[in-house]
Structures are given as structure tokens and as C-alpha cells.
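Fold and contact review
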Amino acid sequence: MVTLLLLLAGGAVAGCGGRATTHHKPGTTHEQASGSAGTLLAADDGAGHRLREVPAGGAPKVGLAARPDSEDGWNLQLTVEDFRFTPDSTGGAALPGAGHAHLELDGRKLARLYGPWFHLPAAQVPTGTHTLTVRLYADDHTAWAVSGKPVQATAPLTAAEGGPGGGHGHDATPPPPGRDPGPAPQPTPEQADRTVTVTVRDGRVSPAPARTELRRGERVALRVTSDRADTLHVHGYDKELALPAGQEAILVLTVDRTGLFEVETHTSGLVLTQLLVR
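To keep things clear, this report deals only with the structure shown in the data block.

What counts and what doesn't
- Residues numbered from 1 in each chain as written.
- Predicted model: local features only at pLDDT ≥ 70, side-chain atom pairs only at ≥ 80, totals over all residues.
- Heavy atoms only, no water.
- Helix = DSSP H or I, 4+ residues; strand = E, 2+ residues; numbered from the N terminus.
- Buried < 20%, exposed > 50% of the residue type's maximum accessible area, 1.4 Å probe, protein only.
- Contact = heavy atoms within 4.5 Å.
- Areas by Shrake-Rupley, 256 points an atom, 1.4 Å probe, with all protein chains shown as cover.
- Polar contact = N/O pair within 3.5 Å; in protein donor to acceptor, adjacent residues only side chain to side chain.
- Phe/Tyr/Trp six-rings, centres within 6.5 Å; stacked < 30°, edge-to-face > 60°.
- Lys NZ or Arg CZ within 6 Å of the ring centre and 35° of its normal.
- Pairing = 2+ DSSP bridges.
- Axes fitted to C-alpha atoms, helices over the stretch in contact; angles between N-to-C directions.
- Salt bridge = Lys/Arg side-chain N within 4 Å of Asp/Glu carboxyl O.

1. Considering the overall build of the protein chain
- The number of helices and strands found in the protein chain is 1 helix and 21 strands.
- Counting all 278 residues of the protein chain, 42% fall into the buried class.
- If you take every contact in the protein chain between residues at least 6 apart in sequence, the share linking residues at least 24 apart comes to 61%.
- Of the roughly 14,700 Å² of accessible surface on the protein chain, a fraction of 54% belongs to carbon and sulfur atoms.

This is the structure in C-alpha cells:
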């Protein structure tokens, strides 16, 4: 009898004939969690995230508006219904009406959003007419869906030459006539306020990724050594850095906007740290 009960319990954990899935945690690839909300579909969102079907009644909804910023780029506002942003539980099981959003420009992912507001710098948008898309995801990184289609919203965006606001040039002092100021000096690792040192080996991140808290305007040095060639990407800042195999690479970044920004690798899809800027 005891053996039979143990076998039944094991079957319940594994699900209907499948293995038990694991939660996505920083430093691992995206695996679906064992949340019971909705129904997992075989289809995905086009980027490898499976759709999680829920009934239309009470399903999450999202709207998107883009307004030019007076200094640089655009301020984006997400309006949601029957949905709440849950950054503290990202990577856990799918809970009804909870999760985060992805922001895409012409189908290319720009950032993961943990709240209703996001500043999109003009430097991230080429001149021309584009389409912005926001899509809602559960904490386990499955995409909320209704009638087999992802819950998302789009908005047109037109970037003129130089972009809205033209950046923060009004704060700069023009160089004397006839004198080439040359490139602006870049901060060195020694000038950083915080340093995050990470090693990637055999698909694992060491030390285990956590949130790095910073104040707006501080400089952070990201020192990364990967055993395989890859690319470092800082979401929200559109900063990238080549990671040669077996060599330390350093990126020094001034965090000039508040929010939660992920630092991850492109090829292996590993989250190295999250920059929480207040």
C-alpha cells in the first residue's frame, strides 16, 4: 500500500506522463514552470515562449501609448486590466493575471518591463516608421493567450532624423571654434561605484545572480568571464559587449534611468544580474 501511494504521488508531481518542470531562475535558461493557470498550448509567441491559454472572460488585457519626451526619445505607458506586474516572483509558477511584459520594436525584443512606464531612448529607434509591440507574460515566461493568440498591443512610432528631443545636448558646452574635442573619455573600472564580477562555466553563472542596487547616476562595472564566446546585453540601455572565450571582458555603465534592468547573455540566454536603479 505504501509503495502504491508513493507511485501515485510521483505521478502527480510529474504531470500527465511528463517530467516535472522547473522554475526559471536567474542563471538558467527559460523553462516552463508547473503553474496550473490556464492551458499550455503547443504554439509559441514566435520567440520560443509557449502560449498559456485562458478564457476571454477575465483574461489579462493591455494597451500601449507612446508620447515624445521633451529631452530624448519617448515615454511609453502600458494600461492593463485584470493583470498586475510581479517583478519579485519572476521565474516562479504562473499565477492568474500576474507577470511582466516584453517590449518589441518591429519584432525585435528591446526590454522586459516590470511596470506600466518605460522610457525608450531615441538612440534605440532608427529613422523611419516602426511598430512597437508589448506582450504580457506569466511569471514562468509563458505568454498569456486568448483564442490561441498572445495578449498584446501595438502602437506606431515614427522617428525623424535626430529623434524626439535630440538628446541632452543643451547641457553641453560647445568646443572652441576650430578645435576637435575628440571622443568623450570613457570611465574606467577603477572609477566605478560598484563592481559586479561574474563567471559563466558549463552553462552556470557564479556567483548565483542577484539584484544589484544602484542609485541613478552611479557607475557600475560588469566584469564577465565566459568559457564560451558570447555577447553580453544590458536590457533597457541597449549596451552590448563581446565575451571572448576564457577572457575577462569589462563594461562600465552609467545608470542614468531608474527601473529594473536585466543583464544577460545572447547565445546561452543566461541572466547574469539585475540592475535595480532607484
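Right, picking up where we left off after that structure.
2. Considerations on the side chain of Glu104
- Locating Glu104 in the fold gives a position in strand 6 (residues 98-105).
- Side-chain polar atoms of Glu104 contact the side chain of Arg135, separated by 3.0 Å.
- What Glu104 contacts, discounting residues up to four positions off in sequence, is Lys109, Leu110, Thr131, Leu132, Thr133 and Arg135.

3. Topic: the packing of aromatic side chains
- Within this structure, the stated rule accounts for 2 aromatic pairs.
- Geometrically, the ring pair formed by Phe83 and Phe85 is edge-to-face, given 5.4 Å between the ring centres and 90° between the ring planes. Pair check on accessibility: Phe83 and Phe85 agree, each one buried.
- The cationic tip of Arg257 hangs over the ring face of Tyr237; the distance from NZ or CZ to the ring centre is 4.6 Å.

4. Comments concerning the sheet that holds strand 21 (residues 271-277)
- The strand order across the open sheet built from 5 strands is 15-21-20-17-18, with neighbouring strands paired in mixed fashion. Every other strand in the sheet has two partners, leaving strand 15 (211-214) and strand 18 (239-243) as the edge strands with one partner each. For this sheet, the mean inter-axis angle between neighbouring strands, taken without regard to orientation, is 15°.
- In terms of strand pairing, strand 15 meets strand 21 through 4 bridges, oriented parallel. Bridged to Glu213 within strand 21 is Leu276.

5. Looking at the pattern of salt bridges
- Summed over all chains, the structure comprises 8 salt bridges.
- A salt bridge links Asp140 to Arg52; the nearest nitrogen and oxygen atoms lie 2.6 Å apart. Note that Asp140 is positioned in the loop between strand 9 (128-137) and strand 10 (143-146) and Arg52 in strand 2 (residues 50-53), a separation of 88 residues in sequence.
- Look at Arg52 and you get buried, because its relative accessible area is 1%.
- Its salt-bridge partner being Arg112, residue Glu262 comes within 2.6 Å of it at the nearest N-O pair. Of this pair, Glu262 sits in strand 20 (residues 259-265) while Arg112 sits in strand 7 (residues 108-113); the two residues are 150 residues apart in sequence, bridging distant segments of the chain. Grouping residues by exposure puts Glu262 and Arg112 together as buried.

6. Brief notes about the pairing of strand 4 (residues 74-81)
- Note that strand 3 (residues 61-68) and strand 4 share 8 bridges and pair antiparallel. Bridging across to strand 4, Ala65 finds its partner in Gln77.
- Turn length for the strand 3-strand 4 hairpin, with the two strands adjacent in sequence and antiparallel, is 5 residues, and the turn residue Gly73 shows positive phi of about 70°.
- Sheet topology places strand 4 next to strand 8 (residues 117-120); 4 bridges connect them, and they run antiparallel. Each residue of the ladder has a partner; that of Asn75, found in strand 8, is His119.

7. Description of the pairing of strand 1 (residues 39-44)
- When strand 1 meets strand 2, the two strands line up antiparallel, connected through 3 bridges. Each bridged residue has a counterpart across the sheet, and for Asp44 the counterpart in strand 2 is Arg50.

8. A word on the environment of Gly97
- By the element assignment, Gly97 lies in the loop between strand 5 (84-85) and strand 6.
- Residue class for Gly97 comes out buried when judged on its relative accessible area of 15%.
- Aside from chain neighbours lying at most four places away, what touches Gly97 is Pro60, Asp82, Phe83, Arg84 and Trp144.

9. Digging into the environment of Pro156
- Looking at where Pro156 falls in the secondary structure, it is placed in strand 12 (residues 152-159).
- The class for Pro156 is exposed, based on a relative accessible area of 70%.

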